[in-house]
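Each chain, written out:
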Amino acid sequence: MAFFSTVSHTYFTIIATFAILVLFTGSSSAQLSTDFYSKSCPKVFSTVQSVVKNAISVERRLGASLLRLHFHDCFVNGCDGSVLLDDTDSFTGEKTAGPNNRSIRGFKVVDDIKAAVEKACPGVVSCADILAITARDSVVTLGGPDWDVKVGRRDSKTASLSDANSGVIPPPTSTLNNLINRFQAKGLSAKDMVALSGAHTIGQARCITFRDRIYNETNIDSSFAKTRQSQCPRNTGGRKNLAPLDLQTPTAFDNNYFKNLLDQKGLLHSDQILYNGGSTDSLVETYSKNDKTFDEDFVTAMIKMGDIDPLTGSSGEIRKNCRKPN
Ligand code: HEM
Ligand SMILES: [Ca+2]
Ligand SMILES: [Ca+2]
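Residues numbered from 1 in each chain as written. Chains lettered and ligands numbered in written order. Predicted model: local features only at pLDDT ≥ 70, side-chain atom pairs only at ≥ 80, totals over all residues. Heavy atoms only, no water.

**Student:** Residues and numbers for the overall build of the protein chain, please.
**Tutor:** Check the secondary structure of the protein chain and you find 14 helices and 2 strands. By the compact-globule yardstick of 20 Å for 326 residues, the protein chain fits well, its C-alpha radius of gyration being 22 Å. With the C-alpha coordinates of the protein chain rotated into their principal frame, the extents come out at 80 × 55 × 45 Å. The buried share among the 326 residues of the protein chain stands at 48%. Carbon and sulfur atoms make up 54% of the accessible area of the protein chain, which amounts to about 15400 Å² in all. Each charge class in the protein chain was averaged separately, 37 positive and 34 negative side chains, and the resulting centres sit 4 Å apart. (Helix = DSSP H or I, 4+ residues; strand = E, 2+ residues; numbered from the N terminus. Rg over C-alpha atoms; globule rule 2.2 N^0.38 Å. Buried < 20%, exposed > 50% of the residue type's maximum accessible area, 1.4 Å probe, protein only. Areas by Shrake-Rupley, 256 points an atom, 1.4 Å probe, with all protein chains shown as cover. Lys, Arg positive; Asp, Glu negative; His and termini not counted. Charge placed at Lys NZ, Arg CZ, Asp CG, Glu CD.)

**Student:** If you had to explain the coordination of the iron atom of ligand 1 to someone new, which residues and values would you point to?
**Tutor:** Of all protein atoms, just one serves as a donor to the iron atom of ligand 1, and that atom is His 200 (NE2), at 2.1 Å. Looking at the secondary structure, you find His 200 in the loop between helix H8 (190–197) and strand S1 (204–206). (Donors = N, O, S within 2.8 Å, 3.2 Å for Na, K, Ca; no water.)

**Student:** Report on the packing of aromatic side chains, specifying residues and quantitative values.
**Tutor:** Summed over all chains, the structure comprises 12 aromatic pairs. Ring geometry for Phe 253 against Phe 294: centres 5.6 Å apart, planes inclined by 5°, an arrangement best described as stacked. Placement of Phe 253 in the loop between strand S2 (242–244) and helix H11 (256–262) and of Phe 294 in helix H14 (residues 291–306) is noted, with a sequence separation of 41 residues between them. Judged by its relative accessible area of 0%, Phe 294 falls in the buried class. (Phe/Tyr/Trp six-rings, centres within 6.5 Å; stacked < 30°, edge-to-face > 60°.)

**Student:** Lay out the nonpolar core in plain terms, naming residues and giving numbers.
**Tutor:** Leu 67, Leu 84, Leu 274 and Phe 298 are the most contacted members of the largest nonpolar core, which totals 70 residues. If you tally residues by element for this core, the top one is helix H5 (residues 127–141), at 7 residues. For Leu 84, the contacting residues outside a window of four places in its chain are Leu 69, Lys 95, Phe 107, Val 110, Cys 127, Leu 131, Arg 319, Cys 322 and Arg 323. Residues Ile 214, Phe 224, Cys 232 and Leu 268 belong to the second largest nonpolar core, which totals 13 residues. (Core = buried A, V, L, I, M, F, W, Y, C linked by side-chain atoms within 4.5 Å. Contact = heavy atoms within 4.5 Å.)

**Student:** Describe in detail H14, supporting the description with residues and values.
**Tutor:** The end-to-end C-alpha distance of H14 is 22 Å, a good match for the 22 Å that 16 residues give at a rise of 1.5 Å each. The backbone nitrogen of Lys 292 has a side-chain oxygen 3.2 Å away, supplied by the residue at the start of H14, namely Asn 290. (Expected span 1.5 Å × (residues − 1). Polar contact = N/O pair within 3.5 Å; in protein donor to acceptor, adjacent residues only side chain to side chain.)

**Student:** If you had to explain the state of the cysteines to someone new, which residues and values would you point to?
**Tutor:** Within the structure shown, the criterion is met by 4 disulfides. Through a disulfide, Cys 207 is tied to Cys 232; the S-S separation comes to 2.0 Å. On the sign convention where negative is left-handed, the bridge of Cys 207 and Cys 232, at about 75° about the S-S bond, is right-handed. Here the residue Cys 207 occupies a position in helix H9 (residues 207–216), and Cys 232 occupies one in the loop between helix H10 (222–229) and S2, the gap between them amounting to 25 residues. The exposure class of Cys 207 is buried, given its relative accessible area of 0%. Overall, the relative accessible area of 1% leaves Cys 232 in the buried class. Along the protein chain, the cysteines that take part in disulfide bonds pair up as 1-4, 2-3, 5-8, 6-7, counted in sequence order. (Disulfide = S-S within 2.5 Å.)

**Student:** Talk me through the confidence of the model for the protein chain; I want residue IDs and the actual numbers.
**Tutor:** Considering every residue of the protein chain, the mean pLDDT works out to 93; 91% of them sit at 70 or more. Across residues 1–29 the pLDDT falls below 50, and counting only partners more than four positions away or on other chains, this stretch makes 7 contacts in the model. Our summary of model confidence lists the complex with pTM equal to 0.93 and ipTM equal to 1.00. (pLDDT = per-residue confidence, 0-100.)

**Student:** So, the UniProt feature "active site" (unreviewed entry) in the protein chain: which residues are in play, and what are the values?
**Tutor:** Those residues carrying the UniProt feature "active site" (unreviewed entry) are His 72 in this numbering. Along the chain, His 72 turns up in helix H3 (residues 61–74). Classification of His 72 as buried rests on a relative accessible area of 2%. Each residue touching His 72, except ones within four places of it in the same chain, is listed here: Val 83, Pro 99, Asn 100, Ile 104 and Ile 169. (UniProt positions renumbered as here; feature names shortened; annotations may be inferred.)

**Student:** Please provide a residue-by-residue account of the coordination of the calcium ion (ligand 3), values included.
**Tutor:** Here the calcium ion (ligand 3) is held by the protein donor atoms Thr 201 (O), Thr 201 (OG1), Asp 246 (OD), Thr 249 (O), Thr 249 (OG1), Ala 252 (O) and Asp 254 (OD), which lie 2.3 to 2.5 Å from it. With a relative accessible area of 0%, Asp 246 lands in the buried category.

**Student:** Could you give an account of the packing of H3 against helix H4 (residues 107–120), with specific residues and numbers?
**Tutor:** Two numbers describe how H3 lies on H4: the axes approach to 10 Å, and their chain directions differ by 80°. Taken together, the axes of H3 and H4 are roughly perpendicular relative to one another. Residues Leu 62, Leu 66 and Leu 69 of H3 lie in contact with H4, whose contacting residues are Phe 107, Val 109 and Val 110. Looking at the contact of H3 with H4 residue by residue, the class counts come to 6 nonpolar, no polar and no charged. (Axes fitted to C-alpha atoms, helices over the stretch in contact; angles between N-to-C directions. Parallel < 35°, antiparallel > 145°, perpendicular 65-115°, else oblique. Nonpolar A, V, L, I, M, F, W, Y, C, P; charged D, E, K, R; others polar.)

**Student:** Can you lay out the UniProt feature "binding site: Ca(2+) 2" (unreviewed entry) in the protein chain for me, pointing to particular residues and giving the numbers?
**Tutor:** UniProt marks Thr 201, Asp 246, Thr 249 and Asp 254 with the feature "binding site: Ca(2+) 2" (unreviewed entry), using the numbering shown here. Across 54 residues of sequence, these annotated residues stay compact in space, with a maximum C-alpha separation of 9.7 Å. By the secondary structure assignment, Thr 201 is in the loop between H8 and S1. Owing to a relative accessible area of 0%, Thr 201 belongs among the buried residues under this scheme. Residues in contact with Thr 201, not counting those within four places in the same chain, are Asp 246, Thr 249, Pro 250, Ala 252, Phe 253, Asp 254 and Tyr 257. Looking at where Thr 249 falls in the secondary structure, it is placed in the loop between S2 and H11. In this structure Thr 249 comes out as partly exposed when scored by relative accessible area, which is 21%.

Quick look at the structure:
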């Protein structure tokens, strides 16, 4: 008896270990692949790209706005299109959460992309995948690196205001430790975090996100602070006034963001903290000197970010309209 129970116990352990392994790999990004739509929607990539290019040719900032949408989607319960759901009388989504309210944009472009993709292959391509492809196409269109986007994500049927407000998307007042920890919590390293922060080589920020820095911080170039103060008053008013995150080339994807940090010309507290005598200084120096290394590490990190907790298999749905569940 003792012999049999040891044997069955051993078998049980082996089977249980195997089941746990399968469960773990099944819940990760194992099912995303670059050819997920190769039969069901071969034109998806060219369709998305042409709408993105057209939108950016009308307003270059949209490239930045679209890239940011993918980040704000993936960090809140994974890359599941949750950020795109509109509020209704009976439902509050993520659009009014602190990091998103009056800030995230680009939804009309996403609607246009979805319409074009639905025309080519109805009911096939998820909004979460559209955000991932759109982020890549935005970077490429603005002169940044290219990569193959993994697809096969499905869309959430809901969204979470409280999760979007919980600090998983770190605020611009963050310490370096908080930035590192928040990315670590999503399986991204400090290196990934610094490389992804390089997304701030494009786009704009509102006065309220950098006011405290330009008036009260000391690790800032004084003439740069003065320039920014002229459009962002100390006490009241001007909250919505915009300034470029990269003062040199805000519509080109390059490594000037990191060069600015060496000159203490980072706009946000969370930008300059990456080069302030701490553990990430040497990476900032590397990226400022070597655009190719930045591009490579940015691509690696974008692919990792796109892998965060996707819905796959029969989870979620393929939304017909990115703004509401089916
Ligand atoms: C490291 C932590 C990060 C913090 C604290 C942060 C914070 C911010 C803030 C405060 C703004 C300005 C928003 C506004 O005033 O409306 C902004 C803009 C932006 N962020 Fe980040 N961000 C971070 C990481 C990222 C990542 C990982 C990406 C993408 C990969 C990204 C892409 C962008 C872009 C492109 C813009 C400009 C958007 C536009 O012009 O519409 N950020 N970010
Ligand atoms: Ca999400
Ligand atoms: Ca730039």
